[in-house]
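# Remarks on the overall topology
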Amino acid sequence: MGTSHTVVDSPLGPLTLRADDGVLSGLYMTDHRHGPAPDTLGPRADDGLAPVREQLAAYFAGELTAFDLPLALHGTAFQERVWAALREIPYGVTTTYGELAAALGSPMASRAVGLANGRNPISIVVPCHRVVGANGSLTGYGGGVARKRALLDLECGAPTL
């Protein structure tokens, strides 16, 4: 099967979904910081990843609060621990980098948690947008702070998308 990608419309603009052997391995927004080089996405398959496309549509419609998808996450052992912890943050809830570091048993590693969070390859589904600064500020987001705000507003019931 190999690597392929599809592009879907969303309220945040086009989303590029990357699949490795039919399993979601990337979800990137336009101008995504740390996004992949276009030549690493594989051929375009417009009908690919149907369950992902369906769950994203339900999420953006406010009908889905937890994704149930197989994922192909590839990172360091620490990054993968952070990304697993991100998936435990409930819909509509935020946490801080420091709180996430403490939950991982490394309370002094908030900067490392922030770096791993920023390298999350599967935005939205692995909800890195739910992590905020210690004072509640919206710190950087791979898809841009405006998109982070829109996702948090969606999850809090604010009709911004």
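Preceding this paragraph is the structure being described.
Quick summary incoming for the structure in this document. (Residues numbered from 1 in each chain as written. Predicted model: local features only at pLDDT ≥ 70, side-chain atom pairs only at ≥ 80, totals over all residues. Heavy atoms only, no water.)

### Topic: the overall build of the chain
Scanning the chain from terminus to terminus reveals five helices and five strands. Seen in sequence order, the chain has helices and strands lined up from the N terminus as β-β-β-α-α-β-α-α-β-α. Its C-alpha radius of gyration of 15 Å places the chain within 12% of the 15 Å reference for a compact globule of 161 residues. Principal axes of the C-alpha set define a box for the chain whose edges measure 40 × 35 × 25 Å. Burial statistics for the chain: of 161 residues in total, 45% are counted as buried. Accessible surface, the chain as shown: approximately 7,900 Å² in total, 54% of it carbon and sulfur. Positive and negative side-chain charges in the chain, numbering 12 and 15 respectively, have mean positions lying 9 Å apart. (Helix = DSSP H or I, 4+ residues; strand = E, 2+ residues; numbered from the N terminus. Rg over C-alpha atoms; globule rule 2.2 N^0.38 Å. Buried < 20%, exposed > 50% of the residue type's maximum accessible area, 1.4 Å probe, protein only. Areas by Shrake-Rupley, 256 points an atom, 1.4 Å probe, with all protein chains shown as cover. Lys, Arg positive; Asp, Glu negative; His and termini not counted. Charge placed at Lys NZ, Arg CZ, Asp CG, Glu CD.)

### Digging into the state of the cysteines
In the structure shown here, the tally under the stated rule is zero disulfides. In this structure Cys128 is not part of a disulfide, and its nearest cysteine sulfur, from Cys156, lies 16 Å away. Given a relative accessible area of 5%, Cys128 falls into the buried group. (Disulfide = S-S within 2.5 Å.)

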